[in-house]
Amino acid sequence: MTKSQIELDELVTVGTLADKLLIPVSTLIMELMKNGVLATVNEKIDFDTAQIIVTELGLDIELIKKVRQTETIRSKKDQIVGEHAPTRPPVVAVMGHVDHGKTSILDAIRSSNVVKSESGGITQHISAYQVKHNNRIITFLDTPGHEAFAAIREHGAQLTDIVIIVIAADDGVKPQTIEAIRFAQNAKSKILVAINKIDKEGADVNRIKQQLSENGLTPEEWGGDTVICEVSAKNNIGIDKLLDMVLLLADIEELRADIDVPARGLVIESHIETGRGPVARLLVEAGILKTGDYIVAGSIYAKIKTLQTTDNQTIQEAGPSTPVTITGLKALPEFGDQFISYKTEKIAKEEASRRLINSSKNDTKMNLGSTDLIRLINRNNSLKELNVIIKADVMGSITSVVDSLKGLDNNEVAVRVVSSSAGQVVENDIYLAKSSNSIIYGFNIDISKHIKDLARREKIEIKTYKIIYELIDDVKDKLSDLLAPEITEIMLGKLIIKGIFKTTAHEVICGGEVVEGKLSFPATARIIRGKEELSEVNIVNLKKGTVDAKEVIVGDMCGVSLKTDQKLVLEENDQLVAFRREVVARKL
Ligand code: GDP
């Protein structure tokens, strides 16, 4: 059966959502509360929260994010924004051939215009920063390598609004210049050309304009639409004009971003810092990012502990186009990962796990061999899965462990590797284990005290091994536990009914002779007539003559009281077979 689909806006009021889901508002509010979101009927929740709630409520509904048409406009950067979205600063990257002066131009811009921190000055190399020109903010990205830009492009994001292509006036267009132009065109960024080193002898601006025209960038003064600025980074000539042009292009582009949406953006750098743990630089694209926000970057969860400008000035919030440095991440997100903030810690953590599971599912899909496919097809609904997360010292170990585990599957039970990666067990693994109900198996790794404590608190089992077959044996034991136990019946004794003394709705008193084994009570028995099994009864009393008997054996004549679920009409020569059920655990 296909799921019913409901279209939702990015933000929806609790009342509207309840209406659409056809559930009482109170049910929805309660479910939100369970998930840590306190929202009244008129308050708005975001799409992702709605999605989690639908899953938690077990509704067979697929939510689809609506592309707002009536009240939206498309900014020049192809971003869908709300009608009232305020303008945002342009995000600018400087690219070009090596030695043509990218760093010098950025330094020239920074030295006179940078938004200075209270602690003063910029000393370290930073990946992004903001400058103020004519009282307006411009965000600059330090020229990352081309592969890094390619990574961003892969993630479907269009980070840079404007690319300044730097060309040395004494050298001209070079292969890397062309590559930078292609990049900017592919990214649909606006191009601004800075012809640098005009102070130098041998500078030939006209030759460069000619080369640019040959490459499809005809200068404005030659009737084209490429803005060209002549500068000297060394002598600080034309830099202000260059910034004027950046702002002019930004105005033409009408760059805007919503601020009343959950904060989102991209990871532009990440590293580990002693004493601070994982640190990431983020570029906010929309919404307002605040200290204390719960975010998921890639599949990494964070409660933002500190929020700083890229020159270490502590701030409480950051709006669109702002580069920020954050701490509080559970692990390192990757360059180009998208981040988004969530209303509650619970939802953020669940989302992080979901993304991790999805990424591991995608990996599985890619690696799915034909035998796996057959196994998937043959899976029946009663298949019980043991979810595991594998962590090992090196990738090679992971392959051996995962391959060995695959060999354990059968039609009844299977191992599902929720995630596998090389390295230590990190907090994210614990949260993933919690949400996916997995056991973490570590091979050739040690577990830190912090992680052990966290695992204990979250009730997650982590098992570490140094010998592969011991690990496999443990998984085998766990799988065996999942196998439905075998139930066997042991016959205790048989009686042939000779007379029926009393029959009521739920009770029969009869008499007979024990022909096999012995009968005792309480015990379960079956009534058999000829070859047919009539019903199951309980022996509740035994009598030899008029005296109660604990048990009766072969050859004994006895009276038997039986309790039944439904009225049972016994006949002479019916058999009463007493038995005991035994549950036997099975082993793989
Ligand atoms: P990048 O590799 O593109 O970042 O280039 P750099 O900024 O490192 O500059 C390369 C060289 O060109 C350095 O020696 C700079 O001092 C020099 N340079 C940069 N801009 C100018 C300029 O406007 N005029 C002159 N004469 N030299 C410059």
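Q: Looking at this structure, how should I read the overall build of the chain?
A: In terms of regular secondary structure, the chain is built from 14 helices and 32 strands. Residue pairs in contact within the chain that sit at least 24 positions apart in sequence constitute 70% of those at least 6 positions apart. When the accessible surface of the chain is totalled, it reaches about 29000 Å², and 50% of it is carbon and sulfur.

Q: Would you explain helix α1 (residues 14-21) in this entry?
A: Turn by turn, an α-helix covers 3.6 residues, leaving residues three or four places apart pointing in a common direction. V14, G15, L17, A18 and L21 are the residues of α1 that are buried. Angular distribution of buried residues about the axis of α1 spans 165°; they occupy a single face of the element. Looking at the buried positions of α1, the neighbouring elements they touch are β1 (4-8), β2 (11-13), α2 (25-34), β3 (44-46), α3 (47-56) and β4 (61-65). Positioned one or two residues after α1, L22 has a phi angle of 60°, which is positive.

Q: So what exactly am I meant to see when it comes to α2 here?
A: Here α2 has its buried residues at L28, E31 and L32. When α2 is viewed along its axis, its buried side chains cluster within an angular range of 100° and face the same direction. Looking at the buried residues of α2, the elements they touch are α1, β3 and α3. Looking one or two residues beyond α2, the residue adopting positive phi is G36, at roughly 85°.

Q: What am I meant to see in the pairing of strand β25 (residues 486-503) here?
A: In the sheet, β25 pairs with strand β32 (residues 575-584) via 10 bridges, with the strands oriented antiparallel. When the sheet's bridge partners are listed, T488 is paired in β32 with E582. Between β25 and strand β26 (residues 507-520), which pair antiparallel one after the other, the connecting turn spans three residues.

Q: Explain the pattern of salt bridges to me, please; I cannot follow it from the model alone.
A: Working definition: two side chains of opposite charge can pair if their charged atoms are close together. A full pass over the atoms with the stated rule returns 35 salt bridges. For K543, the salt bridge goes to D548, with nearest N and O atoms at 2.7 Å. The partner of D556 in a salt bridge is K544, with the nearest N and O atoms 3.5 Å apart. Of this pair, D556 sits in the loop between β30 (551-553) and β31 (557-563) while K544 is found in strand β28 (residues 532-544), placing the two residues 12 residues apart along the sequence. Through salt bridges that share partners, E489, R526, E533, E536 and R581 make up one connected network.

Q: Would you take a moment to explain the site of the ligand for this structure?
A: The environment of the ligand is made up of 15 residues, and the closest members are D99, K102, T103, S104 and D199. Measuring from an oxygen atom of the ligand, one finds a backbone N or O atom of A233 at 2.9 Å. Notes on the ligand: free accessible area 580 Å², of which the protein chains cover 72%. When residues of the shell around the ligand are assigned to their parent elements, the largest contribution, three residues, is made by helix α4 (residues 102-113). Partitioned by chemical class, the residues of the shell around the ligand number two nonpolar, seven polar and six charged.

Q: Would you mind going over the environment of A331 with me for this structure?
A: Structurally, A331 is set in the loop between β19 (323-329) and β20 (338-342). A331 sits in the buried class, given a relative accessible area of 14%. Residues A331 and P278, 53 residues apart in the sequence, show an inter-C-alpha distance of 5.9 Å. Here A331 is in contact with P278 and I300, once residues within four sequence places are set aside.

Q: For this particular structure, what's the right way to read the packing of α2 against α3?
A: Relative orientation and spacing of two packed helices are given, respectively, by the angle between their axes and the distance between those axes. At a minimum axis separation of 10 Å, α2 and α3 run at an interaxial angle of 100°. Regarding the angle of α2 to α3, the classification is roughly perpendicular. Contacts from L28, E31 and L32 in α2 reach T49, I53 and E56 in α3. The class makeup of the residues in the contact of α2 with α3 is three nonpolar, one polar and two charged.

Q: Looking at this structure, I do not really get the sheet that holds strand β24 (residues 462-465). What am I missing?
A: Remark on secondary structure: sheet strands pair via backbone hydrogen bonds, oriented parallel or antiparallel. Taken in spatial order, the four strands of this open sheet run β22-β21-β23-β24, and their pairing is parallel. In this open sheet, the two edge strands, each paired with only one partner strand, are β22 (413-422) and β24. Each neighbouring strand pair of the sheet contributes to a mean axis angle of 25°, computed without reference to strand direction. Relative to the sheet, helix α11 (residues 395-406) contacts β21 (384-392), β22 and β23 (439-443), its axis offset from that of β22 by approximately 175°. Where helix α12 (residues 427-436) meets the sheet, its contacts fall on β21, β22, β23 and β24, and the angle it forms with β21 comes to roughly 175°.

Q: Looking at this model, I keep getting lost on the pairing of strand β13 (residues 264-273). Mind explaining?
A: Within a regular beta strand, the side chains point alternately toward one face of the sheet and then the other, so they alternate between its two faces. In the sheet, β13 pairs with strand β14 (residues 277-286) via nine bridges, with the strands oriented antiparallel. Bridge assignment links R264 to a residue of β14, and that residue is A286. Between β13 and β14, which pair antiparallel one after the other, the connecting turn spans three residues, and G275 there sits at a positive phi close to 85°. Sheet topology note: the β13/β20 ladder contains three bridges and is antiparallel. When the sheet's bridge partners are listed, G265 is paired in β20 with F339.

Q: What am I meant to see in the sheet that holds β13 here?
A: With antiparallel pairing, the six strands of this closed barrel are ordered in space as β13-β14-β19-β17-β16-β20. Averaged over all adjacent pairs, the angle separating strand axes in this sheet is 45°, with direction ignored. Pairing analysis gives five bridges linking β14 to β19, with the strands arranged antiparallel. In the strand pairing of β19, R281 is matched with T325.

Q: Can you help me understand the packing of aromatic side chains in this one?
A: Each aromatic ring pair is characterised by the separation of its centres together with the angle its planes make. Across all of its chains, the model carries two aromatic pairs by this definition. A centroid spacing of 6.5 Å and a plane angle of 25° characterise the contact between Y441 and Y465, whose relative ring orientation is stacked. Of the two residues, Y441 sits in strand β23 while Y465 sits in strand β24, which places them 24 residues apart along the sequence. Y441 gets classed as buried once you look at its relative accessible area, which sits at 0%.

Each value, and the rule that gives it
Residues numbered from 1 in each chain as written. Predicted model: local features only at pLDDT ≥ 70, side-chain atom pairs only at ≥ 80, totals over all residues. Heavy atoms only, no water. Helix = DSSP H or I, 4+ residues; strand = E, 2+ residues; numbered from the N terminus. Contact = heavy atoms within 4.5 Å. Areas by Shrake-Rupley, 256 points an atom, 1.4 Å probe, with all protein chains shown as cover. Buried < 20%, exposed > 50% of the residue type's maximum accessible area, 1.4 Å probe, protein only. Arc of directions from axis to C-beta. Pairing = 2+ DSSP bridges. Salt bridge = Lys/Arg side-chain N within 4 Å of Asp/Glu carboxyl O. Near = heavy atom within 4 Å. Polar contact = N/O pair within 3.5 Å; in protein donor to acceptor, adjacent residues only side chain to side chain. Nonpolar A, V, L, I, M, F, W, Y, C, P; charged D, E, K, R; others polar. Axes fitted to C-alpha atoms, helices over the stretch in contact; angles between N-to-C directions. Parallel < 35°, antiparallel > 145°, perpendicular 65-115°, else oblique. Phe/Tyr/Trp six-rings, centres within 6.5 Å; stacked < 30°, edge-to-face > 60°.

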